[in-house]
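In case you want the letters, here they are:
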Amino acid sequence: MSAASLASLPAPLRPTDDDWAKMLAAHVHLGTKNLDNKMIPYIWKRRADGLYIINLAKTWEKLMLAARIVVAIENPADVCVISARPYGQRAVLKFGQYTGANYMAARYTPGTFTNQIQKQFQEPRLLVITDPRTDSQPLKESAFVNIPTVAFCDTDSPLRFVDVAIPANNKGKQSIGLLYWMLAREVLRMRAVISRASPWDIMVDMFFYRDPEEAEKEAEAQEENKAIEAAPDAGFGAVAPAPGFDATQGMAAPAAEWSGAPAAGGEQWGAPAAENWGGEAPAAGGWEQPAAAAATPQF
């Protein structure tokens, strides 16, 4: 698809400069060093390092086609979105949340589309998958029960059983999140849920994969910031006083000199010791003396 074919599209379906910038920033156009024979029409060129570059004009064309197919399904719950790849699990969840589609993240249970006995049996009218290689099981079962399939395909992805292939980078978390965000936005625009005149208020970051460890670190950092903001601002290096502390009592002048006033027992602390510490202490009662015999109780 060339620039002339893009110009032939209706004005509302044409990409904006911001859309091109987002796709380039998310590396949607970067493929792999391998190329499937059926993906040749979607390739623009090959770089010096061996990476194939995907034609973004054809990516946009297939995105618009996929959005029209999704909108044609009357019941949004009849659209099933699947991603076994971890980078796409958050994206399919958000796509299902905003469009009403049914989503399956993580592992796919074999027989969900073909085995009517199991409890998870479903009969969707449209299937959207993230990677034909990773999601090969639901793709194969959709062919058995005649479910049309839309798939995000990289340069090395097999196109068997795929009805609509969207050429794009399906291995990067930013690329996968952006593709599902654009598809959800276009579906909502065609359903007249949001207006094309104003940008979608949902940020594309909501569709990006987040590492659980990074999320925990961010939560801990936010709690620390809240604790610092809640503490009173006493100046740099200041230490908050302990509860019950009175600043007027702390370092008051001593009532008497250590060597001046006598102690409570009548002794003077500053006087020399009266006893000879080096000598032997007189035996008061004698340690070696036997203890006095206890009185015999009278019965």
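Residues numbered from 1 in each chain as written. Predicted model: local features only at pLDDT ≥ 70, side-chain atom pairs only at ≥ 80, totals over all residues. Heavy atoms only, no water.

1. Overview of a negative patch on the surface
Stage number 1. A contiguous patch of negative charge on the surface is contributed by Glu-213, Glu-216, Glu-220, Glu-223 and Glu-224.
Stage number 2. By relative accessible area, Glu-224 is classed as exposed at 51%. (Patch = residues over 30% accessible without salt bridge, like charges linked within 9 Å, V, L, I, M, F, W, Y side chains within 5 Å. Areas by Shrake-Rupley, 256 points an atom, 1.4 Å probe, with all protein chains shown as cover. Salt bridge = Lys/Arg side-chain N within 4 Å of Asp/Glu carboxyl O. Lys, Arg positive; Asp, Glu negative; His and termini not counted. Charge placed at Lys NZ, Arg CZ, Asp CG, Glu CD. Buried < 20%, exposed > 50% of the residue type's maximum accessible area, 1.4 Å probe, protein only.)

2. Some thoughts on the layout of surface pockets
Stage number 1. A volume near 230 Å³ is recorded for the largest pocket.
Stage number 2. In terms of lining residues, the largest pocket is bounded by 18 residues, among which Thr-16, Asp-19, Arg-185, Arg-189 and Pro-199 are the most central.
Stage number 3. When contributions to the lining of the largest pocket are tallied by element, the ones reaching two or more residues are α2 (17-25) and α6 (173-190).
Stage number 4. Among the elements that line the lining of the largest pocket, the one with the most residues is α6, at four residues.
Stage number 5. Counted by class, the lining of the largest pocket contains eight nonpolar, two polar and eight charged residues. (1 Å grid on protein atoms, 1.4 Å probe; cavity = no way out; pocket = protein on both sides within 12 Å on 5 of 7 lines; lining within 4 Å. Points joined across faces, edges and corners; volume = space filled by probe spheres on them. Helix = DSSP H or I, 4+ residues; strand = E, 2+ residues; numbered from the N terminus. Nonpolar A, V, L, I, M, F, W, Y, C, P; charged D, E, K, R; others polar.)

3. Brief notes about the packing of α2 against α6
Describing two packed helices takes the angle between their axes plus the distance from one axis to the other.
Stage number 1. Between α2 and α6, whose axes approach to 10 Å, the crossing angle comes to 155°. Between α2 and α6, the angle falls in the class roughly antiparallel. Residue-level contacts link Asp-19, Lys-22 and Met-23 of α2 to Leu-178, Trp-181, Met-182 and Arg-185 of α6.
Stage number 2. In terms of residue class, the contact of α2 with α6 is built from four nonpolar, no polar and three charged. (Axes fitted to C-alpha atoms, helices over the stretch in contact; angles between N-to-C directions. Parallel < 35°, antiparallel > 145°, perpendicular 65-115°, else oblique. Contact = heavy atoms within 4.5 Å.)

4. As for the nonpolar core
One broad rule of soluble globular proteins: the nonpolar side chains tend to lie buried together.
Stage number 1. Counting residues in each nonpolar core, the largest one holds 41 residues, and the members touching the most others are Tyr-180 and Phe-207.
Stage number 2. Looking at this core, the element that brings in the most residues is α6, giving ten residues.
Stage number 3. Discounting chain neighbours no more than four positions away, the residues touching Phe-207 are Arg-90, Ala-91, Lys-94, Phe-95, Tyr-98, Gly-177, Tyr-180, Trp-181, Ala-184, Trp-200 and Ile-202.
Stage number 4. Ranked by size, the runner-up nonpolar core spans 16 residues in total, among them Cys-80, Ile-82, Leu-139 and Ile-147. (Core = buried A, V, L, I, M, F, W, Y, C linked by side-chain atoms within 4.5 Å.)

5. Describing unusual backbone geometry
Stage number 1. Phi angles above zero are rare outside glycine, and His-27 is one such case at about 60°.
Stage number 2. With a phi close to 70°, Phe-161 is a non-glycine residue in the positive phi region.
Stage number 3. Along the chain, Phe-161 turns up in the loop between β6 (149-153) and β7 (164-167).

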